[in-house]
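What follows is the residue order along each chain.
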Amino acid sequence: MAAITEDSKVKYSFLGKTGIQVSNICLGALTFGEMNGWPGQCDESLAHTILDRYMEWGGNFIDTSNTYGRGGSELMVGSWLERQHRHDVVLATKCGINMGRTINSRGLSRRHITESLEGSLERLRTHYVDIYQTHIFDNATLVEETYRTLDDLVRCGKVRYVGVSNVTGWQLQKIVETQKHLGLNPIVSVQQQYNLACRTSELEAFQVCKNEGISVLPWSPLKGGLLAGRVRRGQKPTEGRLGWVAHSQTRKGEAHPHWEDTSDQIFDLIELAIEIGKKHGRTIAQVAIRWLLQKDVTSSVIIGARTLQQLDQNMAVNDWALSADEMKQLDDASATAGTYPYVFIDSLNAGRTNANTGDYYVKSVAA
Ligand SMILES: NC(=O)c1ccc[n+]([C@@H]2O[C@H](COP(=O)([O-])OP(=O)(O)OC[C@H]3O[C@@H](n4cnc5c(N)ncnc54)[C@H](OP(=O)(O)O)[C@@H]3O)[C@@H](O)[C@H]2O)c1
């Protein structure tokens, strides 16, 4: 394994308005353990090797969930964490997705959140979680119930900070306003799928993040491998994560966030990213991660690695940068198609900015 130079190690940024700093690359633990039958996921020994190497790069931020491998990922992180100085690691996990045991083993009720946290703490072999995240918005539970419960868990010391994941703009704003109204500890981070092939969160959720000082933690920076060049134009993936996703999707007739009907726009973008990468002596995966790091809403990009080689490649993104012109080329090639009301509002506001009201608008739709 190549030596890691000091200047290529991770950088640190504050998480939301808190006083804690996290590495700008977070290690996602979705690849640890059996997950939805995806073949070739990491066993415990490889997971621990990847975690050790991540720490050598200076990383201090790990993300998992009770749903990953139905607890299997948390177990692997826990058996590793037990051998570390607990306070060296900022540990994030999640609750809320259906765990399938009983009718109440899902959602964001006081009962299920409390039960989920107890299970996670046991598997992770720790007394506290640094960031406890709601995995998905729950249509069936009042926001008041969910965030009052999470606040109670902060107050009793089992959780340090609260984060959310997979929300729309109005849901996020409602959570923020409810917390203010009730005097609860505010959320510090929003974890959304965000990559060169999925920028829809810029339209709403990230506007809220900018206004409220909430950190964005992009998940699936490579869209499950698509932005690592794992699929060729006109072909369906047959190998690795995407191969399995495409196979099971065909079998079940279901859509999957990593593999939709992939358009020519995405393959044009992939070719552009390969070309830009060549100029820097970097891979397309590194260009895709670097593009996210240079977005001002991003605090830490949550990477996924199934091998040590993938980890090393994905971590090597801190000692070089994309130029402003390269960022613009990638922005233009990946822009979300303009729709109402965004385009209408933009067109009638052309040239109207007010420095005193803050830079809260992320321009994202194609002109
Ligand atoms: N909040 C949520 O709902 C949510 C959802 C998903 C993920 N996440 C978080 O985000 C993390 C990252 O997500 P992700 O695993 O989907 O990330 P990703 O980077 O989009 O995809 C990772 C997959 O891409 C392939 N890959 C990774 N690096 C590569 C490289 N350098 N070259 C070639 N192929 C490479 C590997 O698949 P193969 O080698 O098997 O093809 C790997 O398993 C997760 O661990 C989890 O913590 C959160």
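The shown structure was predicted, so the numbers you read here are calculated from the model rather than taken from an experiment. (Residues numbered from 1 in each chain as written. Predicted model: local features only at pLDDT ≥ 70, side-chain atom pairs only at ≥ 80, totals over all residues. Heavy atoms only, no water.)

Near the ligand there are 31 residues, and of these Asp63, Ser220, Gly224, Arg241 and Arg306 occur at the shortest range. At a separation of 3.2 Å, an oxygen atom of the ligand approaches a polar side-chain atom of His135. For the ligand, a nitrogen atom lies 2.9 Å from a polar atom in the side chain of Gln191. When contributions to the shell around the ligand are tallied by element, the ones reaching two or more residues are helix H7 (240-252), strand E10 (301-303) and helix H10 (308-315). The greatest single-element share of the shell around the ligand, amounting to three residues, is contributed by H10. Residue classes in the shell around the ligand are distributed as 10 nonpolar, 15 polar and six charged. (Near = heavy atom within 4 Å. Polar contact = N/O pair within 3.5 Å; in protein donor to acceptor, adjacent residues only side chain to side chain. Helix = DSSP H or I, 4+ residues; strand = E, 2+ residues; numbered from the N terminus. Nonpolar A, V, L, I, M, F, W, Y, C, P; charged D, E, K, R; others polar.)

Time to look at the nonpolar core. One finds Ile25, Phe32, Ile187 and Leu330 to be the most contacted residues of the largest nonpolar core, which totals 94 residues. Contact partners of Leu330, with chain neighbours within four places excluded, come to Leu196, Leu269, Leu272, Ala273, Ile276, Val287, Trp291 and Leu322. (Core = buried A, V, L, I, M, F, W, Y, C linked by side-chain atoms within 4.5 Å. Buried < 20%, exposed > 50% of the residue type's maximum accessible area, 1.4 Å probe, protein only. Contact = heavy atoms within 4.5 Å.)

Moving on, we come to helix H9 (residues 284-293). Of all 10 residues in H9, 10 are buried; the element is thus mostly enclosed. Every buried residue of H9 is accounted for by Ile284, Ala285, Gln286, Val287, Ala288, Ile289, Arg290, Trp291, Leu292 and Leu293. Residues of H9 that are buried in the fold lie against strand E3 (25-28), strand E9 (215-219), helix H8 (264-280), E10, H10 and helix H11 (324-334).

We now examine the side chain of Thr134. Structurally, Thr134 can be placed in strand E6 (residues 129-134). Apart from the residues lying within four places of it in its own chain, the contact partners of Thr134 are Cys95, Leu108, Thr146, Tyr147, Leu150, Gly163, Val164 and Ser165.

On the surface, Tyr340, Phe344 and Leu348 cluster together into a nonpolar patch covering about 410 Å² of accessible area. Looking at the secondary structure, you find Tyr340 in the loop between H11 and helix H12 (342-348). In this structure Tyr340 comes out as exposed when scored by relative accessible area, which is 66%. (Patch = residues over 30% accessible without salt bridge, like charges linked within 9 Å, V, L, I, M, F, W, Y side chains within 5 Å. Areas by Shrake-Rupley, 256 points an atom, 1.4 Å probe, with all protein chains shown as cover. Salt bridge = Lys/Arg side-chain N within 4 Å of Asp/Glu carboxyl O.)

This brings us to the environment of Glu118. By the secondary structure assignment, Glu118 is in helix H3 (residues 110-124). Using a relative accessible area of 38% as the deciding quantity, one classes Glu118 as partly exposed. A polar atom in the side chain of Glu118 sits 2.7 Å from the side chain of Lys158.

This brings us to unusual backbone geometry. Look at the link from Tyr340 to Pro341: it is a cis peptide, with omega at 5 degrees. Checked against the element boundaries, Pro341 lands in the loop between H11 and H12. For Asn166, which is not glycine, the phi dihedral falls at a positive 55 degrees. With respect to the helices and strands, the residue Asn166 is situated in the loop between strand E7 (159-165) and helix H5 (169-182). With a relative accessible area of 23%, Asn166 lands in the partly exposed category. Its identity is not glycine, yet Ser220 carries a phi of approximately 50 degrees, on the positive side. With respect to the helices and strands, the residue Ser220 is situated in the loop between E9 and H7.

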